[in-house]
Amino acid sequence: MNLSLCALALLLFGSLSSVQSRAVDIVDDSNDVDNSIEAEPEEKPRGRPFEADWLKFTKSPPAKLQQAAGATLEIVCEMMGSQVPSIQWVVGHMPLSEIENLESNVVSEDAASAIVRVRSVHIIDHMLSEPRTYTCVGRTGSKTVYASTVVHPVRSDLVDMRMVREKQYPGPQKPRIIYTEKTHLDLIGSSVMLPCKVHARPRAEVTWLNNENKEVVQSHRYKVLPTGDLLISEIKWEDMGNYKCIARNSAGRDSADTFVYPVLKEQD
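Heads up: these notes are all about the structure in this document. Not measured: the values here are computed from a predicted model.

What counts, and where the lines are drawn
- Residues numbered from 1 in each chain as written.
- Predicted model: local features only at pLDDT ≥ 70, side-chain atom pairs only at ≥ 80, totals over all residues.
- Heavy atoms only, no water.
- Helix = DSSP H or I, 4+ residues; strand = E, 2+ residues; numbered from the N terminus.
- Buried < 20%, exposed > 50% of the residue type's maximum accessible area, 1.4 Å probe, protein only.
- Contact = heavy atoms within 4.5 Å.
- Areas by Shrake-Rupley, 256 points an atom, 1.4 Å probe, with all protein chains shown as cover.
- Salt bridge = Lys/Arg side-chain N within 4 Å of Asp/Glu carboxyl O.
- Polar contact = N/O pair within 3.5 Å; in protein donor to acceptor, adjacent residues only side chain to side chain.
- Phe/Tyr/Trp six-rings, centres within 6.5 Å; stacked < 30°, edge-to-face > 60°.
- Disulfide = S-S within 2.5 Å.
- Pairing = 2+ DSSP bridges.
- Axes fitted to C-alpha atoms, helices over the stretch in contact; angles between N-to-C directions.

Attention now moves to the overall build of the chain. A count of helical and extended segments in the chain gives 2 helices and 17 strands. For the chain, with 268 residues in total, the buried portion stands at 46%. When contacts within the chain are restricted to residue pairs at least 6 apart in sequence, long-range pairs at least 24 apart make up 74% of them. Of the roughly 14,500 Å² of accessible surface on the chain, 51% is carried by carbon and sulfur atoms.

Structure follows, in structure tokens:
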């Protein structure tokens, strides 16, 4: 199947699917401005299925959020694009020129033929003393997109802001998977890396279930890395299906699913 057609189908599917997320107090959820930056186009490399890099939000973060007293806040950002998009968060105001030149702190694999939908969550686990801006920046190749959320602190009539100290909430915290892929398409024979980054205290143990809902056993083709990521080497048609990352610690657990879709190579 053509990779471009797969991408269009997945974008449509993603826009129609309902997304479950943890409840937060949203003040204004309208954040549909197309903030995109594109570098000078390059020649299409050999073996690339697309004429140009592309990247689209499938779930942009809300424009505004209100923090609740003592509650951990999560800002969710999802996007889909060619190759393997990376997402990072910028805290505070940053000029457009700096966003354009921002170096990614996410190491992504070299996968020219991949189409990936990635999800990132920024955790705020302390009380804010003033409004603060959090910007989700996505990149793939020459393409950059971004969207910002302004988080307002607890209302001053509920808390004496003069007494607020921006320290992490005490005690254990259940795992929250903060970086994962929702969907990963690539050509049969490619190697794919499925990320599973976790925010937890104490540190969480990470395990994976394969497309048969069985725990992944280390082998020459399947490796759970010390980072919690799952590496599948030389994917085959029978690898297609849902893979589940599970993170556990003494305070609880969280899980996230990634659908892997191996694609047949087009005939020359």
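Once the structure has been displayed, the description carries forward.
Okay, the pattern of salt bridges next. Tallied over the full model, the rule gives 7 salt bridges. Its salt-bridge partner being Arg132, residue Glu130 comes within 3.6 Å of it at the nearest N-O pair. For Lys244, the salt bridge identified is with Asp257, shortest N-O distance 2.8 Å. Within this pair, whereas Lys244 is found in strand S16 (residues 241–249), its partner Asp257 is found in strand S17 (residues 252–263), the two being separated by 13 residues in sequence. Because the salt bridges share partners, they merge into one network encompassing Glu78, Arg117 and Arg119.

Assignment of secondary structure puts His199 in strand S12 (residues 196–201). Only 3.0 Å separates the side chain of His199 from the side chain of Gln173, close enough to count as a polar contact. What His199 contacts, discounting residues up to four positions off in sequence, is Ile123, Asp125, Gln173, Lys174, Pro175, Arg176 and Ile178.

All right, on to the packing of aromatic side chains then. Inspection of every chain in the model, using the stated rule, returns 1 aromatic pair. Arranged with centres 6.1 Å apart and planes meeting at 90°, the rings of Trp237 and Tyr261 form a pair that is edge-to-face. With Trp237 in the loop between strand S15 (230–232) and S16 and Tyr261 in strand S17, this pair connects stretches of sequence that are 24 residues apart. Taking relative accessible area as the criterion, Trp237 reaches 42% and is therefore assigned partly exposed. On the accessibility criterion, Tyr261 (22% relative accessible area) is partly exposed.

On to the state of the cysteines, then. For the structure shown, the criterion picks out 2 disulfides. Note on cysteine connectivity: Cys77 is disulfide-linked to Cys136, with sulfurs 2.0 Å apart. Looking along the S-S bond of the Cys77-Cys136 disulfide, the torsion reads about -75°, which is the left-handed sense. In this pair, Cys77 is assigned in strand S5 (residues 73–82) and Cys136 in strand S8 (residues 132–140), connecting sequence segments 59 residues apart. Note on accessibility: Cys77 and Cys136 belong to one class, buried.

Moving on: the environment of Ala147. Structurally, the position occupied by Ala147 is in strand S9 (residues 143–152). For Ala147, a relative accessible area of 1% puts it in the buried group. In sequence terms Ala147 and Cys77 are 70 residues apart; their C-alpha atoms lie 8.7 Å from each other.

The strand order S11-S15-S14 describes an open sheet built from 3 strands, whose pairing is antiparallel. Among the strands making up the open sheet, the edge pair consists of strand S11 (192–194) and strand S14 (222–224). Neighbour-to-neighbour, the strand axes of the sheet open up by a mean angle of 15°, direction not taken into account. Bridge count between S14 and S15: 3 bridges; the pairing is antiparallel. Across the sheet, Tyr222 pairs through a bridge with Ile232, a residue of S15.

Glancing now at the pairing of strand S10 (residues 173–187). Extensive coverage of S10 is indicated by the burial of 12 of its 15 residues. Bridge count for strand S7 (residues 115–124) against S10 is 6 bridges, and the pairing is antiparallel. Bridging across to S10, Arg119 finds its partner in Thr180. Here S10 pairs with S12 via 5 bridges, running antiparallel. Counted as the bridge partner of Ile177 is Val198 from S12. Note that S10 and S17 share 5 bridges and pair parallel. In the strand pairing of S17, Asp186 is matched with Pro262.

These figures come from the coordinates and say nothing about function on their own.
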